[in-house]
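Chain residues, written in single-letter form:
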Amino acid sequence: MASTQEKATPCCIPKTNDDVSKKTSSSSSSSSTEVLQNWSLAVGSGPVPSEDPIPKTASMATLIRPVEPISDPSAAKIATTKGISIMPRAQTSHPLDPLSAAEISVAVATVRAAGATPEVRDSMRFIEVVLVEPDKHVVALADAYFFPPFQPSLLPRTKGGPLIPSKLPPRQARLVVYNKRSNETSIWTVELSEVHAATRGGHHRGKVISSKVVPNVQPPMDAMEYAECEAVVKDFPPFREAMKKRGIEDMDLVMVDPWCVGYHSNADAPSRRLAKPLIFCRTESDCPMENGYARPVEGIHVLVDMQNMVVIEFEDRKLVPLPPADPLRNYTAGETRGGVDRSDVKPLQIIQPEGPSFRVNGKFIEWQKWNFRIGFTPREGLVIYSVAYVDGNRGRRPVAHRLSFVEMVVPYGDPNDPHYRKNAFDAGEDGLGKNAHSLKKGCDCLGYIKYFDAHFTNFTGGVETIENCVCLHEEDHGILWKHQDWRTGLAEVRRSRRLTVSFVCTVANYEYGFFWHFYQDGKIEAEVKLTGILSLGALQPGETRKYGTTIAPGLYAPVHQHFFVARMDMAVDCKPGEAFNQVVEVNLKVEEPGKDNVHNNAFYAEEELLRSELQAMRDCNPLSARHWIVRNTRNVNRTGQLTGFKLVPGSNCLPLAGSEAKFLRRAAFLKHNLWVTPYAREEMYPGGEFPNQNPRVGEGLATWVKKNRSLEEADIVLWYVFGVTHVPRLEDWPVMPVERIGFMLMPHGFFNCSPAVDVPPSATDLELKDNDIATKPIQNGIIAKL
């Protein structure tokens, strides 16, 4: 993922891409000591030099394994034996930076060249090429001596520690490769060196570290496959005949949305790569974005072999008439509600005359005492790394190592065909990141914006770039805190602002916006915004269904749910290598009537330590205001309480399906809202790495927790499952207004007092006080009586 220049909206300012692969060698060589951009001067002046943050001497903990530098003749001449070696070549990529376009090209070329025969090489299809994230101690080493925040204190001090290497370990790429000829899926690890990926422009091969075939799986589908599947179905003569029966002969009006088949029986086994498309048909019109989802085609059964790209099953089971064209189906300007748009919306502009308050150095972000790194993967989309808060003389205090959305599931509640098969795993079957938008085509953010690009491999191994994929900006957020002394009339008020990092993706008919908000009072909010178009079904004349809502004549929207899984690798007050976190559950209890509750008004917070994985399978309970606190077992605040961050649920639900529902075989993790595990490198996805057509019951979280590992003092990973039950409304048509869902991570005893008390008054407040306005005591009636 490459960063781009800052951009102000609503003005359209051409951006300049500063992708690593496009930098000159001179600019690359200075990236490790690149000063932070001073964004308050970004519009009118260049960067402001900062002091050299690298110490003269330092020592490393024994937990940091010595890393052998990449052999370089020049390195031997200038490497020192004590302290920090003089680097022969600056580090150009942080260990957590997403793979550059050049690195992806190297990885693909290396794997393709390793194919045994030309046939094998030609049949390789590249599902995913991602960074192999290094061990946490390597990240600590990078953050201590090679990259911002340049903080050696991340590494515990020891006497006579090992030598600090002149270089970090070479980066590695992990590739998921599908062999179209053999229907096999393999996983490859390729070592990338700086000289390969940057200096030689990505034309040199890397080194294959490992490869293995993964049996009995199907990897995620790709957009190229979807496009080819649509063409194959539309060219299939029986299908064209079936559409002709419904009055459609122009295949350009037909939309074929391939859906993964899931797993309902042995017929869906991963020995074949299968899709069951849903069919829709546009209405002929002059609208540039004619809503084809307004005319679902039902009664046609199609099964496509995606490996060989042929229709293997076809049946015109039931002639359901196409719904009539709904006059309210379209949503583009001038096409809504009779073609009349509102005329009284005045411009709203966000102006930051001194620029934003955040600073960006590569993927490292600093804002209002927060600092973190951003990354991006084809599956998860946005990833937040190394989240920490700079707390005065206590320094940089870690909160989390890695935050991301790792899976989402959308099960439908209509038992009729084809809707009962709608249970999409949008991350594991498609990829949230690969379906992300370029925000050049429409961004709802205002003010100064920092954009970042994302690089992916396409199905055939080429590199594609989504420009302006990730958006970083500040938002005003109303009142932060306020109090007025009623005796004097004096008041203090502070406005809140938050830093928002986000991306938006489209999966078929729905749009999902994923947001991480950082607040000045130490809170972190995870939010998902749902919008897009309902997935509809067609009704026979006079027919109604209780499993959905009639939207228009002949159209109904089935009830369904949207579930999201946030994986949070926590590190509350933990340095790398420390495993000093635990989780307690808090429930509010009403005191029993008696001598301790003579007025029957007493209640209290009761805590329970979650000691093991099986005990930590928990559900939300709003009746007891249930929440969970991740605490550090070794750090205390000024009152002697353990420092912590609490997970506060928002609105939530559980699956409204029977225990034997077919989709729950693959999504057993939906059965509880919270799961807690000790960190394990290979445990990344709650339904396993390959949920597409997965025949194995309960793979992933439900299986991992059976080990019942201890959580009393561990490197804690939270898996929070949150969802919304969608009973469609007429107001959700033709395009659904945003529905929000999420949760909050809040400091709980982490600070000694409110961390927001030092936020200064806004400029407007200061001007009022300077003018002696609103600062004089108010002689109202109450004060006069006093």
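Residues numbered from 1 in each chain as written. Predicted model: local features only at pLDDT ≥ 70, side-chain atom pairs only at ≥ 80, totals over all residues. Heavy atoms only, no water.

Named according to an unreviewed UniProt entry, the chain is Amine oxidase originating from Theobroma cacao. Entered under Sequence similarities (unreviewed entry) in the UniProt record, the comment concerning the chain runs "Belongs to the copper/topaquinone oxidase family." Looking at the chain in UniProt, the text filed under Subcellular location (unreviewed entry) is "Peroxisome". (UniProt positions renumbered as here; feature names shortened; annotations may be inferred.)

## Some details on the sheet that holds strand β9 (residues 296–297)
Taken in spatial order, the three strands line up as β6-β8-β9 in an open sheet, and their pairing is antiparallel. Each having just a single partner strand, β6 (254–257) and β9 make up the two edges of the open sheet. When strand β8 (residues 278–281) meets β9, the two strands line up antiparallel, connected through two bridges. Across the sheet, residue Ile-279 finds its bridge partner in β9, namely Val-297. (Pairing = 2+ DSSP bridges. Helix = DSSP H or I, 4+ residues; strand = E, 2+ residues; numbered from the N terminus.)

## Examining the sheet that holds strand β5 (residues 207–214)
The strand order β2-β3-β4-β5 describes an open sheet built from four strands, whose pairing is antiparallel. The sheet is open, and its two edges are formed by β2 (124–131) and β5, each paired on a single side. This sheet shows a mean twist of 20° between the axes of neighbouring strands, independent of strand direction. One ladder, built from nine bridges, connects strand β3 (residues 171–179) with strand β4 (residues 184–192); its direction is antiparallel. When the bridges of β4 are listed, Arg-171 appears paired with Leu-192. (Axes fitted to C-alpha atoms, helices over the stretch in contact; angles between N-to-C directions.)

## Notes on the UniProt feature "active site" (unreviewed entry) in the chain
Under the UniProt annotation, "active site" (unreviewed entry) lies at Asp-426 and Tyr-510. A compact arrangement is adopted by the annotated residues: their sequence extent is 85 residues, whereas the largest C-alpha distance between any two is 10.4 Å. Following the sequence through the fold, Asp-426 ends up in helix α9 (residues 426–430). Not counting residues within four places of it along the chain, the set of residues in contact with Asp-426 comprises Glu-407, Met-408, Val-410, Gly-431, Leu-432, Val-507 and Tyr-512. Mapped onto the fold, Tyr-510 is located in strand β21 (residues 510–519). For Tyr-510, the residues in contact, after removing those within four places along its chain, are Tyr-412, Cys-505, Thr-531, Gly-532, Ile-533, Leu-534, His-560, His-562, His-726 and Met-736. (Contact = heavy atoms within 4.5 Å.)

## Considerations on the packing of aromatic side chains
A full pass over the atoms with the stated rule returns 24 aromatic pairs. Ring plane angle 80° and centroid distance 5.4 Å describe the contact between Phe-376 and Phe-503, whose orientation is recorded as edge-to-face. With Phe-376 in strand β14 (residues 370–377) and Phe-503 in strand β20 (residues 491–507), this pair connects stretches of sequence that are 127 residues apart. By way of ring pairs, the aromatic residues Phe-376, Phe-405, Phe-456, Phe-503, Tyr-510, Tyr-512, Phe-514, Trp-516, Phe-564, Tyr-720, Phe-722 and Phe-743 are connected into one cluster. The ring of Phe-750 has Arg-397 sitting right over it, with the charged end atom 3.7 Å from the ring centre. (Phe/Tyr/Trp six-rings, centres within 6.5 Å; stacked < 30°, edge-to-face > 60°. Lys NZ or Arg CZ within 6 Å of the ring centre and 35° of its normal.)

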